[in-house]
Amino acid sequence: MEKRVAIVTGASRGIGRGIAMRLARDGRHVVAVARNAAQLEALCAEIAAAGGSAEARTCDLADGQAVQRMVEEVSEKHGRLDILVNNAGITKDGLLMRMSDADFDDVINVNLRSVFIACRAAARPMLRGKFGRIVNIGSVSGVEGNKGQANYAAAKAGLIGLTKSVAKELGSKGITANVVAPGFVETDMTAFLGPDDKKKVCEHITVGRLGTPEDIAAAVSYLAADDAGYVTGQVLVVDGGLPM
Ligand code: NAP
């Protein structure tokens, strides 16, 4: 059988990079998507050096038409699309009373609207292939809410409703859709935490450390596997045991 084709958004760094490396190691052909071409090329070279296969594709996920085009072009090029990991995300934090309309809209646009468009575009090739694994990267903020993150938490909570709906619509066709909701993971997104903040956060985490991209990638790898076909519409929290 030809390799399964997996799109991973936000693959240039952080969690998405870890997911791309892991899916390539699992034997998938990875289409690594983000805006930074140089970082994507470096990732693909690393995957190739490790014996895997990957290609880079730049796309600004804030542009809905570009998202639609990207998914269609990947599916046409390979004649299939098996796995879609919507990982890319941004934060524009601020307390409710100070949050601008633009900061709300930007976060909804990249973190939620692009995921809707990607899922819609992926449905056709997945239905044709009678197989699909959609994994959307949420956040504990979307499950519990978080101070200073009304925009981000709303987008991530919306992602759960979107994913459960997709799961229900496509479940009988061999297509699953699930959310992986990370807690604190060491990436650029959490780089604002100083050493003291990290120490404090870790005191509240049951396993006593921040997460790594590999921790999240392991959960995605499971949900994207052929034999995970009986798990759908779920939110898998991967937070090391973090009471919010
Ligand atoms: P990160 O290190 O900031 O990386 C974000 C990724 O998203 C980058 O690859 C970036 O690539 C891409 N991206 C951002 N805006 C984009 C756009 N408009 N178009 C295309 N790509 C875009 O973040 P991370 O920590 O790995 O987070 C990954 C996911 O996990 C996000 O959905 C985040 O909400 C979620 N998450 C993270 C944590 C955490 O603690 N880190 C916790 C819970 C959930 P370019 O800049 O190259 O475009």
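Okay, so let's go over this structure.

Basis of the calculations
Every chain begins its residue count from 1, and numbering advances along the sequence as written. For a predicted model such as this one, the threshold for reporting local features is a pLDDT of at least 70, and the threshold for listing and counting side-chain atom pairs is 80 or more; totals across whole chains, interfaces and linings nevertheless cover every residue. Heavy atoms throughout the structure, all of them, feed into the side-chain values; hydrogens and water do not. Using a 1.4 Å probe on the protein chains alone, a residue whose accessible area is under 20% of its type maximum counts as buried, one over 50% counts as exposed, and one in between counts as partly exposed. Labels follow the DSSP assignment, with helices taken as runs of H or I lasting at least four residues and strands as runs of E lasting at least two, numbered in each case from the N terminus. With the strands pointing away from the viewer, any crossover whose connection runs clockwise from the first strand over the helix to the second is right-handed. Two strands qualify as a pair provided that DSSP identifies no fewer than 2 bridges between them. Any N or O atom pair separated by 3.5 Å or less is treated as a polar contact, with the protein-specific requirement of one donor-capable and one acceptor-capable atom, and with residues adjacent in sequence counted only for side-chain atom pairs. Only C-alpha atoms enter the line fits that serve as axes; for helices the fit covers just the stretch in contact. Angles between N-to-C directions range over 0 to 180 degrees.

**Focus on the pairing of strand 5 (residues 132-137)**
In step 1: Taking burial as the measure, the six residues of strand 5 include six buried ones, the bulk of the element.
In step 2: Residues Gly132, Ile134 and Asn136 point to one face of strand 5 and Arg133, Val135 and Ile137 to the other, with burial holding for every one of them.
In step 3: Assessed by its sense of winding, the connection that carries the chain from strand 4 (residues 83-86) through helix 4 (residues 101-129) to strand 5 is right-handed.
In step 4: Pairing of strand 5 with strand 6 (residues 175-182) involves six bridges; the strand directions are parallel. The residue of strand 6 that forms the bridge with Ile134 is Ala177.

**With respect to the environment of Asn87**
In step 1: Turning to its location among the elements, Asn87 is positioned in the loop between strand 4 and helix 4.
In step 2: Residue classification places Asn87 among the buried residues on the basis of a relative accessible area of 11%.
In step 3: Spatially, the C-alpha atom of Asn87 lies 22 Å from that of Lys147, the residues being 60 residues apart in sequence.
In step 4: A polar side-chain atom of Asn87 sits 3.2 Å from the main-chain carbonyl oxygen of Gly10.

**Here we look at the sheet that holds strand 7 (residues 235-238)**
What links the strands of a sheet is backbone hydrogen bonding, and the strands pair in either a parallel or an antiparallel sense.
In step 1: Taking strand neighbours across the sheet as the criterion, the seven strands line up as 3-2-1-4-5-6-7 in an open arrangement whose pairing is parallel. Taken across any chain shown, the strands that pair with only one partner, and hence form the sheet edges, are strand 3 (53-58) and strand 7. Taken pair by pair, the neighbouring strands of this sheet meet at an average axis angle of 20°, ignoring direction.
In step 2: Note: strand 4 against strand 5, four bridges, orientation parallel.

Keep in mind these numbers describe shape, not what the thing actually does.
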